[in-house]
Amino acid sequence: RRPTSMNVSATLPPVPHDRSAFHHFQQLQTRWMDNDMYGHVNNVVYYAWFDSVITEYLIRQGGLDIQASDAVALYAVETACRFHRSLAFPEIVDAGLRVGHLGNTSARFEVALFRQSEEKAAATGYFTLVFVDRAVNKPTPIPAPIRASLQRLLD
């Protein structure tokens, strides 16, 4: 199946999320190199943060072994980010993570980035990841331990 075009503005909230919408948080430290010539964190860094927060959760909470697990969350089939306020170096960012949808072979991971002192997100976004069998590179059911960890994050 080919993906259909979608109105991203319909899938991300026009106003930033509150912290209370998330139960799992991970701290991120901005780096000098994250800032662009305009003095704020460049947009590609937000996507790298989303990817790192999701992957770390899968490893630490779901038992994913990125080197040896048979099933891996390999394909990002859809991503989006809405920027509400700029972040910059030096700041510590709290990344909130939740699961917006849990399917048989895929999950939609929703991430919000918060300044430590703020209740409203500076950015909100998501990654929809498909789990694949590493050996045959085909979609596979999400392994039970990972599924259990993702169910704890369902909104």
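All of the points below concern the structure found in this document. Predicted, not measured: the structure shown is a model, and the values here were computed from it.

Some points on the overall build of the protein chain
Here is step 1: Broken down by element type, the protein chain carries three helices and six strands.
Here is step 2: Against the globule reference of 15 Å for 155 residues, the protein chain gives a C-alpha radius of gyration of 16 Å, in line with a compact fold.
Here is step 3: Across its three principal axes, the protein chain shows a C-alpha extent of roughly 45 × 30 × 30 Å.
Here is step 4: For the protein chain, long-range pairs separated by at least 24 residues make up 73% of all intrachain contacts whose partners lie at least 6 apart in sequence.
Here is step 5: In the structure as shown, the protein chain presents an accessible area of about 8,600 Å², 53% of it carried by carbon and sulfur atoms.

Side note on the side chain of Glu91
Here is step 1: Position of Glu91 relative to the elements: it lies in the loop between strand S2 (71-83) and strand S3 (92-102).
Here is step 2: At a separation of 2.6 Å, a polar atom in the side chain of Glu91 contacts the main-chain amide nitrogen of Ala88.
Here is step 3: Once residues within four sequence positions are removed from consideration, Glu91 is found in contact with Leu28, Gln29, Thr30 and Arg115.

As for the pairing of S3
Here is step 1: The element S3 is extensively covered by neighbouring structure, given that eight of its 11 residues are classed as buried.
Here is step 2: Of the strand pairs in this sheet, strand S1 (residues 24-29) and S3 are connected by six bridges, and their pairing is antiparallel. Paired with Gln27 across the bridge in S3 is Asp94.
Here is step 3: Alignment of S3 against strand S4 (residues 106-115), held across nine bridges, turns out to be antiparallel. Bridge pairing links Asp94 to Phe114 in S4.
Here is step 4: Taken together, S3 and the strand that follows it, S4, pair antiparallel across an intervening segment of three residues.

Notes on the environment of Ser20
Here is step 1: Its location among the elements puts Ser20 in the loop between helix H1 (8-11) and S1.
Here is step 2: Put simply, Ser20 and Gly96 are 76 residues apart on the chain and 9.4 Å apart in space, counted from C-alpha to C-alpha.

So, the nonpolar core
Here is step 1: In terms of nonpolar packing, the biggest core is built from 34 residues, with Phe109, Leu113 and Leu150 touching the most fellow members.
Here is step 2: When residues of this core are traced back to their parent elements, those giving at least two are helix H2 (43-60), S2, S3, S4, strand S5 (123-133) and helix H3 (144-151).
Here is step 3: With residues up to four places along the chain from it excluded, the contact list for Phe109 reads Ile54, Leu58, Leu97, Arg98, Val99, Gly125, Tyr126, Phe127, Leu129 and Leu150.

Some thoughts on the environment of Ala73
Here is step 1: Locating Ala73 in the fold gives a position in strand S2.
Here is step 2: You can call Ala73 partly exposed: its relative accessible area is 22%.
Here is step 3: With 66 residues separating them in the primary sequence, Ala73 and Pro139 have C-alpha atoms 9.4 Å apart.

Focus: H3
Here is step 1: Within the span of H3, buried status applies to Ile146, Ser149 and Leu150. End-on, the buried residues of H3 take up no more than an arc of 100 degrees, which puts them together on one face. For H3, exposure combined with an orientation more than 90 degrees from the buried face picks out Ala144 and Pro145.
Here is step 2: Of the surrounding elements, those touching the buried residues of H3 are H2, S3, S4 and S5.

Comments concerning a nonpolar patch on the surface
Here is step 1: Where nonpolar side chains cluster on the molecular surface, the patch consists of Leu74, Tyr75 and Val77 and spans about 280 Å² of accessible area.
Here is step 2: Tracing the backbone through its elements, the reader meets Val77 in strand S2.

Some words on the side chain of Arg108
Here is step 1: Position of Arg108 among the secondary structure elements: in strand S4.
Here is step 2: Side-chain polar atoms of Arg108 contact the side chain of Glu110, separated by 2.9 Å.

Rules used in this analysis
Residues numbered from 1 in each chain as written. Predicted model: local features only at pLDDT ≥ 70, side-chain atom pairs only at ≥ 80, totals over all residues. Heavy atoms only, no water. Helix = DSSP H or I, 4+ residues; strand = E, 2+ residues; numbered from the N terminus. Rg over C-alpha atoms; globule rule 2.2 N^0.38 Å. Contact = heavy atoms within 4.5 Å. Areas by Shrake-Rupley, 256 points an atom, 1.4 Å probe, with all protein chains shown as cover. Polar contact = N/O pair within 3.5 Å; in protein donor to acceptor, adjacent residues only side chain to side chain. Buried < 20%, exposed > 50% of the residue type's maximum accessible area, 1.4 Å probe, protein only. Pairing = 2+ DSSP bridges. Core = buried A, V, L, I, M, F, W, Y, C linked by side-chain atoms within 4.5 Å. Arc of directions from axis to C-beta. Patch = residues over 30% accessible without salt bridge, like charges linked within 9 Å, V, L, I, M, F, W, Y side chains within 5 Å. Salt bridge = Lys/Arg side-chain N within 4 Å of Asp/Glu carboxyl O.

Nothing here speaks to function; it is all geometry.
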